[in-house]
Amino acid sequence: MKKFLPDIYNATLIFFTVITLWSIFSFFTWHTKPLPEKLPEEIEAYIDRNLKYGEALFLSSELLDRIVLNYPDLNIFPAGGNSLQNASHFKNFYIVSRYQPLNCRNISKTLSSSTLVRHNGFKLVKCKDKEADTIELYASSFIERFVVTVGKNNTPITFSRGMFSTGGRGWQRISAEPAFFDGRQIFAINAHPLDKNKKIKIKIPPVEKNVDNIAAGFGIADSGVSRKPVPVIFTASQKEKSHTFQSVDGKWTKKPLKGFLPEKEIEVTIKTENSGRRHFYFDIIYIKGK
């Protein structure tokens with residue numbers, strides 16, 4: 001017994017020493033490995049065959065965010081941009097997972113999950129809202145393809161650093177970002193209007209997808225609710241067809257664009273008499289299914 005006890009202590013000491021050294025080695029070698037900048041070829045091939053332009057793709061870890069730079073044609077949401085909150089707006093989307101999990105049910109209990117591709121530690125997952133009978137695509141997912149002009153100037157504004165700058169102040173811009181309406185987060189196009197009915201014109205190109213209906217969503221975010229609200233006038237046109245709406249503070253409104261066709265350009269105009277606290281957002285929604 002006297003010899004047995006020291007042997008146990010020695011073995012235990014050796015075991016924990018080995019584990020500690022291995023943990024230190026793993027930690028430093030893992031952190032010195034280059035972070036991935038491209039998706040595995042198997043996932044790339046699946047995306048090329050199956051994803052439509054503008055469909056949302058979320059990354060599970062900030063360690064994957066370098067991937068975004070190599071896929072400018074994909075609508076990728078970096079994990080550093082708060083994937084869980086942004087994904088809550090979508091009914092159908094994809095997740096690329098590695099380093100840390102991001103599951104469909106982490107985002108909403110109504111989402112079903114199907115794993116499409118696994119390779120080299122990567123996983124491509126499709127999330128679908130079990131309660132939704134439609135598939136939706138949003139113009140906010142391809143904002144870089146818009147043509148934006150201001151006032152009577154027909155020279156298009158350059159898309160730079162994720163936005164179109166429509167004036168000299170930071171809030172005078174067109175960009176895609178989340179906002180809250182009556183406490184509910186919506187991911188849409190931030191289009192703060194200009195003063196004195198100066199028009200912002202936005203031309204939205206056709207979508208590469210067969211859809212059954214097109215709708216417009218719009219409103220003043222909770223952050224812009226005012227005691228004496230001045231409405232923002234929002235008009236969507238397609239050739240001879242035109243629909244004009246007025247914003248409501250703190251409310252996201254969705255209206256059908258009857259007679260609009262997905263294969264044709266849509267022009268949007270935005271104006272207001274007084275732009276103070278007019279935190280206006282909108283989106284064009286392409287709907288597959290009834």
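Residues numbered from 1 in each chain as written. Predicted model: local features only at pLDDT ≥ 70, side-chain atom pairs only at ≥ 80, totals over all residues. Heavy atoms only, no water.

Time to look at the pattern of salt bridges. Inspection of every chain in the model, using the stated rule, returns six salt bridges. Here Glu-136 and Lys-254 are joined by a salt bridge, their closest N and O atoms 3.0 Å apart. Placement of Glu-136 in strand E6 (residues 135-138) and of Lys-254 in strand E16 (residues 253-256) is noted, with a sequence separation of 118 residues between them. Accessibility expressed as a relative area gives 42% for Lys-254, which makes it partly exposed. Two residues, Asp-249 and Arg-278, come together in a salt bridge whose shortest N-O distance is 2.9 Å. Taken together, the positions of Asp-249 in the loop between strand E15 (241-246) and E16 and Arg-278 in the loop between strand E17 (266-271) and strand E18 (280-288) put the pair 29 residues apart, joining distant regions of the chain. (Salt bridge = Lys/Arg side-chain N within 4 Å of Asp/Glu carboxyl O. Helix = DSSP H or I, 4+ residues; strand = E, 2+ residues; numbered from the N terminus. Buried < 20%, exposed > 50% of the residue type's maximum accessible area, 1.4 Å probe, protein only.)

This paragraph deals with the confidence of the model for the protein chain. Looking at the protein chain as a whole, its pLDDT mean stands at 88, while 88% of the residues score no less than 70. Scored below 50 in pLDDT, residues 1-5 makes zero contacts in the model with residues more than four places away or belonging to other chains. (pLDDT = per-residue confidence, 0-100. Contact = heavy atoms within 4.5 Å.)

What follows concerns the sheet that holds strand E5 (residues 122-129). On the basis of which strands lie adjacent, the open sheet formed by five strands has the order E2-E1-E3-E5-E4 and mixed pairing. Both edges of this open sheet fall to strand E2 (75-77) and strand E4 (111-119), since each of them pairs with a single strand only. Ignoring strand direction, the axes of neighbouring strands in this sheet form an average angle of 25°. (Pairing = 2+ DSSP bridges. Axes fitted to C-alpha atoms, helices over the stretch in contact; angles between N-to-C directions.)

Quick look at the side chain of Asn-75 now. Note that Asn-75 resides in strand E2. The exposure class assigned to Asn-75 is buried, which follows from its relative accessible area of 12%. At 3.1 Å, the side chain of Asn-75 and the backbone oxygen of Gly-54 are in polar contact. Setting aside anything within four residues of it in sequence, one finds Asn-75 in contact with Gly-54, Glu-55, Ala-56, Leu-57 and Ser-141. (Polar contact = N/O pair within 3.5 Å; in protein donor to acceptor, adjacent residues only side chain to side chain.)

On to the side chain of His-243. Inspection of the secondary structure assignment puts His-243 in strand E15. At a separation of 3.4 Å, a polar atom in the side chain of His-243 contacts the main-chain carbonyl oxygen of Lys-258.

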